[in-house]
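# Architecture at a glance
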Amino acid sequence: MSKLLAFIVAVLPPALAPAADRPAWQCLTVAETRQLIADRRLGDPFALMQAQSISAHAEPINARLCREQEDLVYEISLLRRDGRVMRIYLDAATGQPHAGHKER
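Here the structure is a predicted model, which means the values were calculated and not measured.

### Notes on the nonpolar core
Where a protein is soluble and globular, its nonpolar side chains tend to be buried together. Counting residues in each nonpolar core, the largest one holds 15 residues, and the members touching the most others are Leu42, Leu65, Leu72, Tyr74 and Ile76. Of all the secondary-structure elements, those providing two or more residues to this core are helix H3 (45–56), strand S3 (71–79) and strand S4 (85–91). Here this core gets four residues from one element, more than from any other, and that element is S3. In contact with leucine 72, other than residues within four places in its own chain, are Leu28, Leu36, Arg40, Leu42, Leu65, Cys66, Arg67, Leu90, Asp91 and Ala92.

Here it is as structure tokens:
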């Protein structure tokens, strides 16, 4: 019986696989991001990236939508004046800093 269960879990699509088997941090494609922004009325990633850029006095590089368990989080990358890249994590729904991450 356990071989049958293992086979079924192995062939399930990722969306149907148990949450424990999915990666804890998974960034989404551009198409998936656009769809989720429209469906869930998430914050505008470009506006959030610009606001973070201004407050950090850094150049915007990238913003991407990622999923951590059930949370949607924007990972904002900024280039500081000293040449280092900093990452800021924002809750995609509220635009507030995400509780599970600190700036890196």
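So, next bit.
### Some details on the pattern of salt bridges
Going through the model one piece at a time under the given rule, you end up with two salt bridges. Residue arginine 64 pairs with glutamate 75 through a salt bridge whose shortest N-O separation is 2.7 Å. Of this pair, arginine 64 sits in strand S2 (residues 59–68) while glutamate 75 sits in strand S3, and the two are 11 residues apart along the sequence. Residue arginine 64 is classed as partly exposed on the basis of its relative accessible area, which comes to 35%. With a shortest N-O distance of 2.5 Å, arginine 80 and aspartate 82 are connected by a salt bridge.

### Comments concerning the sheet that holds S2
Here we have four strands laid out as an open sheet, ordered S1-S2-S3-S4, and antiparallel in their pairing. Each edge of the open sheet is held by one strand with a lone partner, namely strand S1 (25–27) and S4. Direction aside, neighbouring strands of the sheet carry axes that sit 35° apart on average. Pairing analysis gives nine bridges linking S2 to S3, with the strands arranged antiparallel. Paired with asparagine 62 across the bridge in S3 is serine 77. Its contacts with the sheet put H3 on S2, S3 and S4, and the angle it makes with S3 is roughly 45°.

Analysis parameters
- Residues numbered from 1 in each chain as written.
- Predicted model: local features only at pLDDT ≥ 70, side-chain atom pairs only at ≥ 80, totals over all residues.
- Heavy atoms only, no water.
- Core = buried A, V, L, I, M, F, W, Y, C linked by side-chain atoms within 4.5 Å.
- Buried < 20%, exposed > 50% of the residue type's maximum accessible area, 1.4 Å probe, protein only.
- Helix = DSSP H or I, 4+ residues; strand = E, 2+ residues; numbered from the N terminus.
- Contact = heavy atoms within 4.5 Å.
- Salt bridge = Lys/Arg side-chain N within 4 Å of Asp/Glu carboxyl O.
- Pairing = 2+ DSSP bridges.
- Axes fitted to C-alpha atoms, helices over the stretch in contact; angles between N-to-C directions.

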